[in-house]
Amino acid sequence: MDKDFKMTATTLFGLEGVLAKELKDLGAQDIKEGIRSVTFRGDKGFMYKANIALRTAVRVLKPIKTCKIYDEEDLYEAIQKIKWENYLETEGTFAIGAVVNSKNFTSNSHYISLKSKDAIADYFRHKYSKRPNVDLDYPDLKIHIHIHKEWLTVSLDSSGDSLHKRGYRTATNIAPINEVLAAGMVLLSGYTGEENFIDPMCGSGTILIEAAMIANNIPANINRKLFAFENWKDYDEELYFIIQDSLLKKIRSSHFKIMGFDKAPSAVQKAQANVENANLDEFIGVHHVNFFNSKKEVFGNTTIIFNPPYGERLNIDTEEFYKKIGDTLKHNYPGSMAWLITSDTDALKAVGLRTSKRIALKNGDLNCKFVKYELYEGTRKFKERKTDEEE
């Protein structure tokens, strides 16, 4: 029986609570939210499960040493004290990433990475007269150095490539939305697959694909070719396939419509290609439609989520554009919950609808608001009066 150990899942700003809930639902223990990260406990099988299933994690780290350090010499000594042969062969390869947030260290994270690399290389040279090589592209072991104030944490990166690289997206438009952010937005909206879903400006289809995976309970990284832990010395392939099979057995079928529109034929083609890569073409329809000329053609409750152009990306009159968004939603999409993300908070005022929720997120380097509009069938008063009569 594998022992439980502490892990850290990193995420994007604003998605910490969503990630914590995902971990709880998967069965993690001792969950604590941080800034762009969530710590938790689980065993080796859970680490595999977290990598395959988490939608809002960027990577899953396994800490192997935590201690106090005050300068570069302390860092070197601390790293030298780790029994590196437990994790890495002399013929193996490694890469190091570092994040530094400490007044004690004026050197940049690149220098900290180099100092850490020297410590590992010297450890092997002194003990075995040979050392593993650095390979930044395909290392056998990815090591993460985190210095916060006087605390050093050395972790093994169990994910490898960022977990937003799901493996389905081959075709993209300008500034495509990150898969982790797209999944986070869908989860923040409360969408579960029990109603219709529309992305009316779908671009290359990322939000649609993440919504369909949520609706059908398909693990986020089921299309991934490789996780870093598959190169670890203690990798248990049989356990990995047991975990993968147990997740696949939980897939369900949602029978509600999931639709994407885009006015650009090239975007529609790219979205369709990505949907096919994700093996979701039976669940998602992508149509060549200008949202401003569209209306709600599905019956019943509908979640609308979209990432309209920001002024930073496309040369448009944002105020006029956002006013048209508001008018189209108000007149043509009754009985819907509409969410949109934007960094252009001034243009949001032009939508002309009252927001019922505003959530701060980041899209790349841009500070954004993810806002919700409730679009009732008829007037709100009528809806409330009807509900009272039904009771």
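Residues numbered from 1 in each chain as written. Predicted model: local features only at pLDDT ≥ 70, side-chain atom pairs only at ≥ 80, totals over all residues. Heavy atoms only, no water.

Further remarks concern the overall build of the protein. Tallying secondary structure elements over the protein gives 11 helices and 15 strands in all. Its C-alpha radius of gyration of 24 Å places the protein within 12% of the 21 Å reference for a compact globule of 391 residues. Considering only C-alpha atoms, the protein reaches an extent of 75 × 45 × 45 Å along its principal axes. At a minimum sequence separation of 6, the contacts of the protein that also span at least 24 residues come to 77%. Mean positive and mean negative side-chain charge positions of the protein (55 and 55 charges, respectively) differ by 3 Å. (Helix = DSSP H or I, 4+ residues; strand = E, 2+ residues; numbered from the N terminus. Rg over C-alpha atoms; globule rule 2.2 N^0.38 Å. Contact = heavy atoms within 4.5 Å. Lys, Arg positive; Asp, Glu negative; His and termini not counted. Charge placed at Lys NZ, Arg CZ, Asp CG, Glu CD.)

Here we come to the pairing of strand β10 (residues 258–262). With five of its five residues buried, β10 lies for the most part within the structure. Burial of the side chains of β10 extends over both faces: I258, G260 and D262 are buried on one face and M259 and F261 on the other. The pairing of strand β9 (residues 196–199) with β10 spans three bridges and is parallel. From the neighbouring strand, F197 faces β10, where its bridge partner is I258. Relative to strand β11 (residues 284–288), β10 runs parallel, the two being bridged by five bridges. In the strand pairing of β11, G260 is matched with V286. Handedness of the crossover joining β10 and β11 through helix α8 (residues 265–277) is recorded here as right-handed. (Buried < 20%, exposed > 50% of the residue type's maximum accessible area, 1.4 Å probe, protein only. Pairing = 2+ DSSP bridges. Right-handed = clockwise from strand over helix to strand, strands pointing away.)

Before going further, it helps to spend a moment on the pattern of salt bridges. Tallied over the full model, the rule gives 13 salt bridges. Between R59 and D157 there is a salt bridge whose closest N-O contact spans 2.3 Å. On the criterion of sequence distance, the pair formed by R59 in strand β4 (residues 59–68) and D157 in strand β8 (residues 151–157) is long-range, its members being 98 residues apart. Take R59: its relative accessible area is 17%, and that puts it in the buried class. According to the relative accessible area criterion, D157 is buried, its value standing at 4%. (Salt bridge = Lys/Arg side-chain N within 4 Å of Asp/Glu carboxyl O.)

So, about the pairing of strand β14 (residues 357–363). Pairing geometry for β14 and strand β15 (residues 366–375), over seven bridges, is antiparallel. The residue of β15 that forms the bridge with K362 is N367. What sits between the antiparallel neighbours β14 and β15 is a turn of two residues, in which G364 has the positive phi angle 65°.

So, on to the UniProt feature "domain: THUMP" (unreviewed entry) in the protein. When the UniProt feature table is mapped to this numbering, "domain: THUMP" (unreviewed entry) covers residues 46–158. The distance separating the terminal C-alpha atoms of residues 46–158 is 12 Å; by composition the span is 33% helix and 32% strand. (UniProt positions renumbered as here; feature names shortened; annotations may be inferred.)

Next up on the list: the sheet that holds β11. Ordered in space as β11-β10-β9-β12-β13-β15-β14, the seven strands form an open sheet in which the pairing is mixed. Among the strands making up the open sheet, the edge pair consists of β11 and β14. Strand-to-strand twist in this sheet, taken as the mean axis angle between neighbours without regard to direction, amounts to 20°. In the sheet, strand β12 (residues 302–306) pairs with strand β13 (residues 336–342) via five bridges, with the strands oriented parallel. Paired with I304 across the bridge in β13 is A338. Where helix α5 (residues 179–189) meets the sheet, its contacts fall on β9, β12, β13, β14 and β15, and the angle it forms with β14 comes to roughly 170°. The sheet contacts of helix α9 (residues 318–332) involve β12, β13 and β15, and relative to β13 the element is tilted by about 170°. (Axes fitted to C-alpha atoms, helices over the stretch in contact; angles between N-to-C directions.)

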